[in-house]
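Secondary and tertiary structure notes
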Amino acid sequence: MSGKAKEILQMDLYGLLGVESTATAKEIKKAYRQRALTCHPDKNPDNPKAVELFHQLSQALEVLTDAAAKAAYDKICKAKKLAEERNRKLDDKRKKIRLDLEARERLAAEQIQEEVQITRTLEEEIARLREEGSRQLEEEQRLIREQIQREREEMGYHTQTNSGCSEKFSRSNVTPKLKLKWKCKKDDEMNGGYSQDVILRLLQKYGDVLNVIVSSKKKGSAVVEFATVRAAELAAKNESGLSVNPLKISWLEGQPEVFTAASQSGHFMSPQGSLKNERDYESVVMMRMRQAAERQRLIEQMQKEDDEDQAATS
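Per an unreviewed UniProt entry, the recorded name for the chain is DnaJ homolog subfamily C member 17, and the organism is Gouania willdenowi. As recorded by UniProt, the Function (unreviewed entry) comment attached to the chain reads in full: "May negatively affect PAX8-induced thyroglobulin/TG transcription."

Structure, rendered in structure tokens:
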């Protein structure tokens, strides 16, 4: 395309002459004469813009009065208008897409902010529930200990009197012991979730725990020694252990027997009377020595059982 053609295509020839694209050749010439008179170089010798406009009017007359040139110009102008319309529609579509995208981004940002706020609120509520739950658990365990203490004080120990012939607890001078078992694999370093501290925490709410012996060789096994028969009874009856790995609890020593004469005759002694009879039977020092000897014997027995089980499996 020549430079002249490019120059003409950049101009609105009809607009320069002030006529419609449907104007006849006669109308185009008339419009040219009227416009050319106002900007002729002879009338505007010192106005460069007038000279330039006169030149453009001359080009418009040449093209628009030639049928072939006018047809080519009109075709190109029509194509340009169609392209401009397409671009305008495309721009409108792009603008709508951009606006929709911005709206979605704002909505997503608002949702994220809302989720963050909800999550923060939930975390605060969970922390509050944990704190309140801990206080409630401590309060419940305190109430359990108080109830056990009251029952211990009210019931005391059933023992024979000087004049009666009732039976005592079986082996009343033996501290009550429970045997605990749970599922545990041989290579489980966590021992099925049970450690000495875990077992102590589970059982001490029923009463004083004197000793917890967790077998180091036989996985899933332990022996617990209680200070009182009542505490051992409550633990054996009520404790189930961890929900993911429940405990199996059985009596090892000191399980109380059924009462006969004492229960029938109604002879019950207070804790002070029971302690007095025990001192009559055996001094407190001797009782503690016997308990220590029993504890040592129990440890040796468990070690012996572990060695036998290990020898049987090897």
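Before going further, it helps to spend a moment on helix α4 (residues 48-64). Compared with the 24 Å implied by 1.5 Å per residue over 17 residues, the 25 Å span of α4 between its first and last C-alpha is a close match. Here α4 has its buried residues at A50, F54, Q56, L57, S58, Q59, A60, L61, V63 and L64. Where α4 begins, one side-chain oxygen reaches toward the backbone nitrogen of K49, 3.2 Å away; that side chain belongs to N47.

So, about the packing of helix α3 (residues 25-38) against α4. Packing of α3 against α4 leaves a shortest axis separation of 10 Å and a crossing angle of 170 degrees. When the interaxial angle is binned, α3 and α4 end up roughly antiparallel. Residues I28, K29, Y32, R35 and A36 of α3 pack against F54, L57, S58, L61 and L64 of α4. By residue class, the composition of the contact of α3 with α4 is 7 nonpolar, 1 polar and 2 charged.

Along the chain, Q59 falls in helix α4. Residue Q59 is classed as buried on the basis of its relative accessible area, which comes to 4%. The contact partners of Q59, leaving out residues within four places of it in the chain, are K4, E7, I8 and M11.

Tallied over the entire structure, the rule returns 2 aromatic pairs. When the ring of Y14 is compared with that of Y73, the centres are 6.1 Å apart and the planes differ by 45 degrees; the resulting orientation is tilted. Here Y14 is found in helix α2 (residues 13-17), whereas its partner Y73 is found in helix α5 (residues 67-155), with 59 residues between them in sequence. For the residue pair Y14 and Y73, the accessibility class agrees, reading buried in each case. Plain terms: the ring middles of W182 and Y194 are 4.8 Å apart, the flat faces sit at 40 degrees to each other, and that makes the pair tilted.

Positive phi, normally seen in glycine, also occurs at N191, with a value near 55 degrees. Structurally, N191 can be placed in the loop between β1 (177-181) and α6 (196-203).

Next up on the list: the pairing of strand β2 (residues 209-214). Successive residues of a regular strand alternate their side chains across the two faces of the sheet. Pairing of β2 with strand β3 (residues 221-226), which is carried by 5 bridges, proceeds in the antiparallel orientation. Bridge pairing links N211 to E225 in β3.

This part covers the sheet that holds β1. Taken in spatial order, the 4 strands make up an open sheet running β2-β3-β1-β6, and their pairing is antiparallel. Strands at the two margins of the open sheet, each flanked by one partner only, are β2 and β6 (248-253). Going from strand to strand, the sheet's axes swing by 25 degrees on average, the running direction of each strand aside. Pairing of β1 with β6 involves 5 bridges; the strand directions are antiparallel. Its bridge partner lying in β6, L178 is registered against W251. In the packing of helix α7 (residues 229-238) onto the sheet, contacts are made with β1, β3 and β6, and the angle to β6 comes to roughly 155 degrees.

As a further point, take a positive patch on the surface. On the surface, a cluster of positive charge is contributed by K26, K29, K30 and R33. Here K26 lies in helix α3.

Cut-offs used in this document
Residues numbered from 1 in each chain as written. Predicted model: local features only at pLDDT ≥ 70, side-chain atom pairs only at ≥ 80, totals over all residues. Heavy atoms only, no water. UniProt positions renumbered as here; feature names shortened; annotations may be inferred. Helix = DSSP H or I, 4+ residues; strand = E, 2+ residues; numbered from the N terminus. Expected span 1.5 Å × (residues − 1). Buried < 20%, exposed > 50% of the residue type's maximum accessible area, 1.4 Å probe, protein only. Polar contact = N/O pair within 3.5 Å; in protein donor to acceptor, adjacent residues only side chain to side chain. Axes fitted to C-alpha atoms, helices over the stretch in contact; angles between N-to-C directions. Parallel < 35°, antiparallel > 145°, perpendicular 65-115°, else oblique. Contact = heavy atoms within 4.5 Å. Nonpolar A, V, L, I, M, F, W, Y, C, P; charged D, E, K, R; others polar. Phe/Tyr/Trp six-rings, centres within 6.5 Å; stacked < 30°, edge-to-face > 60°. Pairing = 2+ DSSP bridges. Patch = residues over 30% accessible without salt bridge, like charges linked within 9 Å, V, L, I, M, F, W, Y side chains within 5 Å. Areas by Shrake-Rupley, 256 points an atom, 1.4 Å probe, with all protein chains shown as cover. Salt bridge = Lys/Arg side-chain N within 4 Å of Asp/Glu carboxyl O. Lys, Arg positive; Asp, Glu negative; His and termini not counted. Charge placed at Lys NZ, Arg CZ, Asp CG, Glu CD.

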